Structures are given as C-alpha cells and as structure tokens.
Amino acid sequence: MTSKPAQTGKRAVAERAKRGTPATGKVTLNDVALLAGVDRSVVSRVINDDPRLSIRPDTRKRVLETIEKLGYRRNAAARSLRTARSYMIGLLIPDFANPVYAEIIKGAEAEAGDLGYGLMTASSEGVRQGVGHYVELFGQGRVDGLLLAGEESGREMEQLRALRVPWLQVNRRMGATDRYVVLDDEHGSRLAVEHLVALGHRRIAHIAGPETADTARRRRVGYTEAMSRAGLTADPRLIIHADYTPAGGRAAMEELLAAPQRPTAVYVSNVASAVGVLHALHIAHVAVPDDMSVIAMHDMVLADHLVPALTTVRMPLGELGARAVRLMATCGPADPIAHVVTDPVEIVVRASTAPPCTDD
C-alpha cells in the first residue's frame, strides 16, 4: 500500500525534470533522492564528497546523473549553517576606476562561482573604514577570507593576523609576508622594453608607478634589466614616478617633454596612466608613433579605440583573480602562499609603436 504514493511521486518528479519546471520552483534533496531511488542522506553525502560513504559506483553515478538532470543546486544558506562558514570571500581593491581591476574581479568571480562561493567586492576608496570594515565582518563570520589588492597599513595587517583568518595579498607584496599572489611584472616590463629596442629605439623613458607601490618597483626592475641587456643606460632623468591614473600619466609625460633631450619612446607601467600620456602628447602636438612610441603594461578593451590604438603588454589578470580565489578556498589560514602567475604574457602590437624617425 505504501509503494503506490512513492511511485506516483517519483513519476511526478520525472515529469517535472522533463519539463525543467519543478512544481515548487526549486529542486530539493528529496526530489533527487526519490528519482535516484536512494535515501536523502546518501544524496547529501555524495554532494559533499563524504569519504565515509560506501556505495556502489553505479549508485554514485546514478545520483550524480540525477543531480545533473534535475539541475539541483546546493542551498548556500543551509550549507553555511551546517559548516559554520559563510562561503563568501571579500575582495578589497584600491579603485574601481582602474581598468586593471575589472579583469581581476572577472576572473575572481568566475572561480568563486565554480567553487560554490560568493564574492564581495569593494574599493578602499569607497569604504571609508578600509580593511577595518572587513576585520569587523571577519569577527561576525560574514566572510571566510579576504583578498587584499590595496595598500594596507601595518596596523590593519596586524589586526588581520590577530584574527587568524585567511587573507591573501593580490597583485602586490606589502611588507614581510609569505601570503601573496602576483604577476611576473619584471618579465612583462622586459618584454615591453625589448619590443621598443627591436624597433630601433635607444632613448627609452619609463613612466613608473608610485614609488611606494610594489608593482611599480618590480616593473622598474624589469625595465632597467632589459635596458642593461640591450647595452643601454637607464637614464634616471627619463624615469618618472606617477600615480596609476590618467592625470598622473599626463603630468609625467609633460615632465618628460620638458627634458633637454626628449626620448623617442616611453614604456608606461599602467594602462590607465597611458591614457593620460597620449592626451599630453596630443596637446603638445607630438605625433604618436612618428615622434614618440608608447607602450603600456596591461591591456584593456578600450586600447583598440584610443587614438592611436595603444600597444600593450597583455598580462593574465583574469587568471590572477581566479588563482587567488582558488588558493584562498583550498589553503589554511596560516599556510604560506607565495605564488607568481606567469602565463600567458604577450605583446599586443597596435598603432602606438613604430621605429624612430631619426637615428639616435
């Protein structure tokens, strides 16, 4: 007498699966268990990869196929209650206006979704409390880890260490830390200079980032190494530090244009700064690339639409964000993480670079 209702229910679930429209609007563990012909607890333990579960391979296969067929998704809220975790990762960036972070966020979001996490993103400029705000969230258990892409103070880093929760520096290494994921900025800089040297340039300027920025220091190292390898001198008068903003790039380029002997090419350490560089050259009636070649670190969609289109060093920013989330989700709060994302790196040649018009 008890088998008929169960069979009816199983048939109803199967019909809903065919239509892709569960009656409740949401597939439950009970739906999966009923259609797969197993107990609800078996489904739960298969989903959570419980190593203590002992079932036949064909049964496990049937459960997984049923999950896929019904489109079952785990309830994140219920999972959080069971595990005392929020399954939320925080990402703090310096500024949403910088196009570099758009690619990092995109990669981080995709990886977080694949791993069953959510990503909470904010800028240190927009959140007045800065890291302190996220320290408070840690205490409340609302985020499981924090990715730091900004310039945190020593006091804020000490607060994070005291909480003994996972945090990871992204795209920079601040202070004495063994928890970071960065790009091979030195290699990217060397490629930029090598591209200009191959075109015949010898007086190559470098618009570096802020002197306090770890990324700026490493990109400057790559620049000077490439100049040395080419048998060229990195003239300190042709190295200008500037903010990673269009305004910073414009001011730095104006300073270079005032030099007694102008360079024939400039390597800009940030694509946002390069927008300001092109603007300064346009205002000064300096033709690009005839009078000045310009190449910038990092790529963005708008680089194709600048005038002229901007030659860039395309770095794996999306993979950087993805790798940071993956390491955050799989490593312990005190595990050392010193990771450099190396591939792929390539020069995207556009109209802003060409051989110099005159011999140096």
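What comes next concerns the included structure. (Residues numbered from 1 in each chain as written. Predicted model: local features only at pLDDT ≥ 70, side-chain atom pairs only at ≥ 80, totals over all residues. Heavy atoms only, no water.)

**Structural notes on helix α11 (residues 246–257)**
- Here α11 is 12 residues long and its end C-alpha atoms lie 16 Å apart, about the 16 Å a rise of 1.5 Å per residue gives.
- Check the buried side of α11 and you find it contacts β6 (204–208), β7 (239–241), β8 (265–268) and α12 (271–283). (Helix = DSSP H or I, 4+ residues; strand = E, 2+ residues; numbered from the N terminus. Expected span 1.5 Å × (residues − 1). Contact = heavy atoms within 4.5 Å.)

**Brief notes about the sheet that holds strand β2 (residues 118–123)**
- Strand order in the open sheet made by the 6 strands is β2-β1-β3-β4-β5-β11, with parallel pairing throughout. Either end of the sheet is taken by a strand with one partner, and the two such strands are β2 and β11 (337–341). Going across the sheet, the axis of each strand differs from the next one's by a mean of 20°, ignoring polarity.
- Here 2 bridges tie strand β4 (residues 167–170) to strand β5 (residues 179–183), and the two strands are oriented parallel to one another. (Pairing = 2+ DSSP bridges. Axes fitted to C-alpha atoms, helices over the stretch in contact; angles between N-to-C directions.)

**A short note on the packing of aromatic side chains**
- On inspection of all chains with the given rule, the structure shows 1 aromatic pair.
- Between Y87 and Y117 the ring centres are 5.2 Å apart and the planes differ by 50°, which places this aromatic pair in the tilted class. A residue pair is termed long-range when its members are at least 10 positions apart, and Y87 in the loop between α5 (76–83) and β1 (88–93) and Y117 in the loop between α6 (99–114) and β2 qualify at 30 residues. Pair check on accessibility: Y87 and Y117 agree, each one buried.
- The residue whose ring lies beneath R179 is W167, and the NZ or CZ to ring-centre distance is 5.9 Å. (Phe/Tyr/Trp six-rings, centres within 6.5 Å; stacked < 30°, edge-to-face > 60°. Buried < 20%, exposed > 50% of the residue type's maximum accessible area, 1.4 Å probe, protein only. Lys NZ or Arg CZ within 6 Å of the ring centre and 35° of its normal.)

**With respect to the sheet that holds strand β12 (residues 346–348)**
- Read from one edge to the other, the open sheet built from 6 strands follows the order β7-β6-β8-β9-β10-β12, with strand pairing classed as mixed. Edge positions in the open sheet fall to β7 and β12, since each of these has one partner strand only. Ignoring which end each strand starts from, the neighbouring axes of this sheet average 20° apart.
- Running over the sheet, α11 touches β6, β7 and β8 and is turned about 150° from β6.

**As for the pairing of strand β9 (residues 293–297)**
- With respect to burial, β9 is a largely interior element, 5 of its 5 residues being buried.
- Residues S293, I295 and M297 of β9 are buried on one face, and the alternating residues V294 and A296, pointing to the opposite face, are buried as well.
- As paired elements, β8 and β9 share 4 bridges and run parallel to each other. Paired with Y267 across the two strands is I295, which belongs to β9.
- Chirality of the crossover, the property in question, places the unit of β8, α12 and β9 among those that are right-handed.
- In the sheet, β9 pairs with strand β10 (residues 311–314) via 3 bridges, with the strands oriented parallel. Opposite M297, over in β10, you have V313 as the bridge partner. (Right-handed = clockwise from strand over helix to strand, strands pointing away.)

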